[in-house]
Amino acid sequence: MIRRTLGASLLASLLVATPALAEETHVGRPIEAGSLDEGRLDMVVYYAPVEGDLLEVTATFAPKGGGDPQRVVMGLADRDSVAFSMPGYRGSLYTFSRSGEKVTVSTAADTHPRADVLPD
């Protein structure tokens with residue numbers, strides 16, 4: 001009985017900590033652009049091959065209500081994945097993943113528990 005309850009609690013906590021996919025785009029060739037427009041930021045992403053096996057991924061985020069755009073540039077090796085929120089827009093989690101020559105970018109509501117937010 002205890003094992004079943006513990007298993008159900010663990011499963012429920014994993015489901016709560018998983019963000020729901022809101023939008024996704026794929027970029028399959030150099031300089032081909034993809035875009036996301038979910039939430040308070042619009043985003044355009046593209047990549048270019050650089051030395052070694054890296055793809056240099058550039059993502060530009062623009063606030064829908066106006067303001068200065070923010071740009072992120074990162075090198076992704078095959079099977080790399082990274083997720084982050086943009087400063088001032090912590091409600092959305094952006095995930096960048098590479099598989100071969102394909103880069104997938106998704107955005108979701110950030111439901112991960114944070115160390116800086118303590119429960120009441």
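Heads up: the structure comes first, above all this text.
So, here is what we can say about the structure in this document. Just so we're clear, the structure is a prediction, and the values are computed from it rather than from any experiment. (Residues numbered from 1 in each chain as written. Predicted model: local features only at pLDDT ≥ 70, side-chain atom pairs only at ≥ 80, totals over all residues. Heavy atoms only, no water.)

Comments concerning unusual backbone geometry
Rule in force here: By the criteria applied, helices consist of DSSP H or I runs no shorter than four residues and strands consist of E runs no shorter than two, each listed in order from the N terminus. Throughout this description, buried means an accessible area under 20% of the type-specific maximum (1.4 Å probe, protein chains only), exposed means over 50%, and partly exposed covers the range between.
The phi angle at isoleucine 31 is positive, at roughly 70 degrees, despite the residue not being glycine. Counting through the fold element by element, isoleucine 31 comes out in the loop between β1 (21-27) and β2 (34-36). Even without glycine at this site, arginine 79 takes up a positive phi of about 75 degrees. In this fold, arginine 79 is placed in the loop between β5 (70-76) and β6 (81-86). A relative accessible area of 70% places arginine 79 in the exposed class.

Let's talk about the nonpolar core
Put simply, the rule reads: For this analysis, a nonpolar core means a set of buried residues of the types Ala, Val, Leu, Ile, Met, Phe, Trp, Tyr and Cys, connected via side-chain atoms within 4.5 Å. For this analysis, residues touch if any pair of their heavy atoms sits within 4.5 Å.
With 19 residues, the main nonpolar core has Met43, Val45, Val57, Phe61 and Phe96 as its most contacted residues. Those elements that provide at least two residues to this core are β3 (41-49), β4 (55-63), β5, β6, β7 (89-99) and β8 (102-109). The contacts of valine 57, once residues within four sequence positions are left out, are Val45, Tyr46, Tyr47, Val72, Val73, Met74, Leu76, Phe96 and Val103.

Some thoughts on the pairing of β8
In plain terms, the rule: DSSP-based pairing: two strands are paired if at least 2 bridges between them are found.
β8 sits mainly inside the fold: 6 of its 8 residues count as buried. Sheet analysis places β7 next to β8, joined by 8 bridges and oriented antiparallel. Note that in β8 the partner of serine 97 across the bridge is threonine 104. Counting the residues in the hairpin turn of β7 and β8 gives 2 residues, including glycine 100, whose phi is positive at 65 degrees.

Concerning the pairing of β3
Bridging between β2 and β3 involves 3 bridges; their strand directions are antiparallel. Residue pairing in the sheet places leucine 36 in a bridge with methionine 43 of β3. Turn length for the β2-β3 hairpin, with the two strands adjacent in sequence and antiparallel, is 4 residues, and the turn residue glycine 39 shows positive phi of about 85 degrees. One ladder, built from 9 bridges, connects β3 with β4; its direction is antiparallel. Of the residues in β4, the one forming a bridge with valine 45 is alanine 59.

Regarding the sheet that holds β3
The criterion, for reference: Each axis is a line fitted through C-alpha atoms, and for a helix only the stretch in contact is used; angles between axes span 0 to 180 degrees, taken between their N-to-C directions.
Taken in spatial order, the 4 strands line up as β2-β3-β4-β5 in an open sheet, and their pairing is antiparallel. Taken across any chain shown, the strands that pair with only one partner, and hence form the sheet edges, are β2 and β5. The mean inter-strand angle of the sheet, taken between neighbouring strand axes irrespective of direction, is 20 degrees.

Things to note about the pattern of salt bridges
Which entries qualify depends on this criterion: Salt bridges are identified by distance alone: a Lys or Arg side-chain nitrogen within 4 Å of an Asp or Glu carboxyl oxygen.
Scanning all chains against the criterion turns up 4 salt bridges. Across the pair aspartate 42 and lysine 64 runs a salt bridge, and its minimum N-O distance is 3.6 Å. Taken together, the positions of aspartate 42 in strand β3 and lysine 64 in the loop between β4 and β5 put the pair 22 residues apart, joining distant regions of the chain. Classification of lysine 64 as partly exposed rests on a relative accessible area of 43%. Linking glutamate 101 and arginine 98 is a salt bridge whose minimum nitrogen-to-oxygen distance equals 3.8 Å. Judged by its relative accessible area of 44%, glutamate 101 is partly exposed. A relative accessible area of 4% places arginine 98 in the buried class. Taken together, the shared-partner salt bridges connect Asp53, Arg98 and Glu101 into one network.

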